[in-house]
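Commentary on secondary and tertiary structure
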Amino acid sequence: MIVCWSVGGPLLYPERLVADDLVNPGEMPIYWRTGYGEEIHLVLYGVIYFFFTIAFVTLKLPAGIFAPMFVTGATLGRLMALVLSRIMGPLGHARVACFALVGGAGLTSSVTQTFSAGLIAYGLTGMEGLLLPVLLVTLISCGTAMQMSHNIYDNSCLLKHIPLLLVPSSHQSLRVYAKDLMEAIRDNYIVDSEPIEVSELSKILKAVKSQAPIPVVHSEGHPLLVGSIPHQMLAVLIEACKVADRHVVSMREDDVVPLIDQCPLVLNKDANLQKIAFLFHTLRAEYAFVVDMGQAVGIVTRQRLIEFQEKNVYLY
């Protein structure tokens, strides 16, 4: 507040009014042109508002990011137009406003990585002639930003340790594989080719600490993955066998087969982190089995990926 009062001019007005001033094809209001002059006011407003926006983002309470970024981009766009007018001659108020509108849409779309910024910017003026340049800049800035980093919302989740699974963008993530992320299955699997004792199922259920499903393999010596059974379903099956006083059960029985997921999500042990995170993010998967030549060797869970993400933020 002290900085705003000391500088004066447009810093004393709300961003909604400032945004209208910047994209207005007419002459700027008097408070932009008095005192330091329009160019200096634009420089001061853009720099101060940019650092204020950084401070607002770090607050625990949401303070908004869309409008501040649009105003900052529009300020820089109008300033560039004024600099060009000094070099090339007067551009006219309409062209200067076009620079401001395109600058606001471009910066906002690059920070948020959304295409809606262009449509919202177009809606501020309703000028059909600006629709094509605004959308073109939006596409270019959004695509460029996607190649460099995550959007502001995903980065905020990373910095604040919010458990949100992201797709890594660094080349180093291509050298992290499923075999590095998985939890080894060891002997915690169920063989479907022969009957198994209920007591053995209880041991397997207790050995699996997480709520991840238990893999079902073809045989002991050749553990080809043929499916999986959810943790809760296995607990229900064990309880039903105890009630019926059954000591042995087969995974191929008619009342047991419907409990088995015969098409679980499977990853090769050499699948890289980028592909794994993309699959989990797209399919909203909670787990995936890791196989080596079709044989089950481990399991990757969403929780494990999030924990790895929090410890290795530089990969994202």
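Below: a short report on this structure. For every chain, the first residue of its written sequence is number 1, and the numbers climb from 1 along that sequence. Only residues with pLDDT of 70 or above have their local features reported here, since the model is predicted, and side-chain atom pairs are shown and tallied only from 80 upward, although totals for entire chains, interfaces and linings are computed over all residues. Note: side-chain values were computed over all heavy atoms of the structure, leaving out hydrogens and water.

1. Notes on the packing of helix α4 (residues 38–57) against helix α5 (residues 66–88)
Helix axes use the C-alpha atoms of the stretch in contact, all axes being lines fitted to C-alpha atoms, and the angles between their N-to-C directions lie in the range 0 to 180 degrees. Secondary structure follows DSSP: runs of H or I at least 4 residues long count as helices, runs of E at least 2 residues long count as strands, and numbering of each begins at the N terminus. α5 packs onto α4 with a crossing angle of 150° between their chain directions and a minimal axis gap of 9 Å. By the angle between their directions, the pair α4 and α5 is classed as roughly antiparallel. Between α4 and α5 lies a crossing whose hand is left-handed. Contact with α4, carried on its side by E38, E39, L42, V43, Y45, G46, Y49, F50 and T53, involves P68, M69, V71, T72, T75, R78, L79, L82 and R86 of α5 and no other residues of that element. Taken together, the residues of the contact of α4 with α5 sort by class into 10 nonpolar, 4 polar and 4 charged. The labels follow the angle: roughly parallel below 35 degrees, roughly antiparallel above 145, roughly perpendicular from 65 to 115, and oblique for the rest. Left-handed describes a crossing whose near helix is turned anticlockwise from the far helix by less than a right angle; the clockwise case is right-handed. In this analysis, two residues are considered to be in contact whenever any of their non-hydrogen atoms come within 4.5 Å of each other. In this classification, Asp, Glu, Lys and Arg are treated as charged, Ala, Val, Leu, Ile, Met, Phe, Trp, Tyr, Cys and Pro as nonpolar, and every other residue, Gly included, as polar.

2. Considerations on the pairing of strand β5 (residues 225–229)
The buried label goes to any residue with under 20% of its type's maximum accessible area, the exposed label to any with over 50%, and the partly exposed label to all in between, with areas taken from a 1.4 Å probe on protein chains only. Of all the 5 residues making up β5, 4 are buried; the element is thus mostly covered by neighbouring parts of the structure. Examined bridge by bridge, strand β4 (residues 214–217) and β5 share 4 bridges and lie antiparallel to one another. Its bridge partner being in β5, I214 is matched across the sheet by I229. Two strands make a pair as long as DSSP finds a minimum of two bridges between them.

3. Some words on unusual backbone geometry
Although it is not a glycine, R284 adopts a positive phi angle of roughly 55°. Secondary-structure assignment places R284 in the loop between α13 (273–283) and β8 (287–292). Despite not being glycine, M293 has its phi angle at roughly 55°, a positive value.

4. Some remarks on the sheet that holds strand β1 (residues 183–184)
What the 4 strands build is an open sheet, ordered β1-β9-β8-β7; its pairing is mixed. Each of the sheet's edge strands pairs with one partner strand only, and the pair in question is β1 and β7 (266–268). By the bridge criterion, 2 bridges tie β1 to strand β9 (residues 295–301) in an arrangement that is antiparallel. Counted as the bridge partner of A184 is G298 from β9. The strands touched by helix α14 (residues 302–311) are β1 and β9; relative to β9, the strand with the most contacts, the crossing angle is about 60°.

5. Quick look at the packing of aromatic side chains
Each Phe, Tyr or Trp ring, with Trp reduced to its six-membered ring, pairs with another whose centre is within 6.5 Å; inter-plane angles below 30 degrees give stacked pairs, above 60 give edge-to-face pairs, and intermediate values give tilted ones. Evaluated as defined, the whole model comprises 3 aromatic pairs. With centroids separated by 5.1 Å and ring planes inclined at 10°, the aromatic side chains of Y45 and Y49 adopt a geometry described as stacked. In this pair, Y45 and Y49 both sit in helix α4, 4 residues apart, roughly one turn of the helix. Taking relative accessible area as the criterion, Y45 reaches 1% and is therefore assigned buried. Under the relative-accessibility criterion, Y49 is labelled buried at 13%. Aromatic side chains F50 and F51 sit 5.7 Å apart centroid to centroid with 80° between the ring planes, which places their arrangement in the edge-to-face category. Since its relative accessible area comes to 36%, F50 is described here as partly exposed. Geometrically, a charge over a ring is one whose NZ (Lys) or CZ (Arg) sits within 6 Å of the ring centre while staying within 35 degrees of the ring normal. One Lys or Arg, K179, reaches over the ring of Y177 and ends 5.7 Å from the middle of that ring.

6. What about the sheet that holds β5?
Ordered in space as β2-β4-β5, the 3 strands form an open sheet in which the pairing is mixed. With one partner strand each, in any of the chains shown, β2 (190–191) and β5 form the two edges of the open sheet. Sheet contacts for helix α12 (residues 231–243): β2, β4 and β5; angle to β5, the most-contacted strand, approximately 75°.

7. What about the side chain of S219?
Here S219 shows up in the loop between β4 and β5. Residue S219 is classed as buried on the basis of its relative accessible area, which comes to 17%. Definition of a polar contact: a pair of N or O atoms within 3.5 Å, with one able to donate and the other able to accept a hydrogen when the atoms are protein atoms, and with sequence-neighbouring residues admitted only if both atoms are side-chain atoms. Side-chain polar atoms of S219 contact the backbone nitrogen of H222, separated by 3.2 Å. With residues up to four places along the chain from it excluded, the contact list for S219 reads V191 and S193.

Nothing here speaks to function; it is geometry throughout.
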